[in-house]
Amino acid sequence: MYPVENEPLPQAGHAEIRIVAATPEAARSVAEVIRRCFAGTEQRSYPAPGGGTRLHLTVDTESAAGPALSWLTTSRPSTRTGAHGDEV
């Protein structure tokens, strides 16, 4: 992949996603699944080096829905400290 160190960071609460696939259909399928979990902007599609498709989209991680909301809620750090009772 090409370095992206000169690209600006997305605004707080958003993430940039890059999908590289052999076909546009495969890239769109992955983007569709991501959009079911997060609100996002219109995707941008570009040719990938060596053939294939490179798809870019920006998602709002603060507007998660469905499976992503459940995962984000349960993955947040606990306010309690220490190990759980079943941890060694």
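What counts, and at which threshold
- Residues numbered from 1 in each chain as written.
- Predicted model: local features only at pLDDT ≥ 70, side-chain atom pairs only at ≥ 80, totals over all residues.
- Heavy atoms only, no water.
- Helix = DSSP H or I, 4+ residues; strand = E, 2+ residues; numbered from the N terminus.
- Buried < 20%, exposed > 50% of the residue type's maximum accessible area, 1.4 Å probe, protein only.
- Contact = heavy atoms within 4.5 Å.
- Areas by Shrake-Rupley, 256 points an atom, 1.4 Å probe, with all protein chains shown as cover.
- Core = buried A, V, L, I, M, F, W, Y, C linked by side-chain atoms within 4.5 Å.
- Expected span 1.5 Å × (residues − 1).
- Arc of directions from axis to C-beta.
- Polar contact = N/O pair within 3.5 Å; in protein donor to acceptor, adjacent residues only side chain to side chain.
- Salt bridge = Lys/Arg side-chain N within 4 Å of Asp/Glu carboxyl O.

Here we come to the overall build of the protein. A tally of helices and strands in the protein yields 2 helices and 4 strands. Burial status across the protein gives 23% buried among its 88 residues. Within the protein, residue pairs in contact and separated by at least 24 positions form 55% of the contacts whose partners lie at least 6 positions apart. A total accessible area of about 6700 Å² is found for the protein, and carbon and sulfur atoms account for 56% of it.

Our next topic: the nonpolar core. When a protein is soluble and globular, its nonpolar side chains tend to lie buried together. Counting 12 residues, the largest nonpolar core consists of Ile-17, Ile-19, Ala-21, Ala-27, Ala-31, Ile-34, Cys-37, Phe-38, Leu-55, Leu-57, Val-59 and Ala-64. Broken down by secondary-structure element, the contributors of at least two residues to this core are strand S1 (14-21), helix H1 (24-37) and strand S4 (53-64). Every residue in contact with Leu-57, bar those within four places of it in the chain, is listed here: Ala-15, Glu-16, Ile-17, Ile-19, Ala-31, Ile-34, Arg-35, Thr-41, Gln-43 and Arg-44.

Our focus in this paragraph is H1. The periodicity of an α-helix, 3.6 residues per turn, causes residues three or four positions apart to be oriented the same way. Its 14 residues give H1 an end-to-end C-alpha distance of 21 Å, which sits within 8% of 20 Å, the value for a rise of 1.5 Å per residue. Where H1 is concerned, the buried positions are Ala-27, Ala-31, Ile-34 and Cys-37. Projected down its long axis, H1 shows its buried positions confined to an angular sector of 110 degrees, all on one face.

Moving on, we get to the side chain of Thr-58. On the secondary structure map, Thr-58 appears in strand S4. Assessed through its relative accessible area of 11%, Thr-58 is described here as buried. Side-chain polar atoms of Thr-58 contact the side chain of Glu-16, separated by 2.6 Å.

If you trace the backbone, Glu-32 turns up in helix H1. Judged by relative accessible area, which is 40%, Glu-32 ranks as partly exposed. Here Arg-36 takes part through its side chain, which lies 2.6 Å from a polar atom of the side chain of Glu-32.

Residue position: Thr-53 is located in strand S4. On the accessibility criterion, Thr-53 (7% relative accessible area) is buried. Excluding residues within four positions of it along the chain, Thr-53 makes contact with Ile-19, Val-20, Ala-21, Ala-22, Thr-23, Pro-24, Ala-27, Ser-45, Tyr-46 and Ala-48.

So, about the pattern of salt bridges. Scanning all chains against the criterion turns up 4 salt bridges. For Arg-18, the salt bridge identified is with Glu-16, shortest N-O distance 3.0 Å. The exposure class of Glu-16 is partly exposed, given its relative accessible area of 34%.

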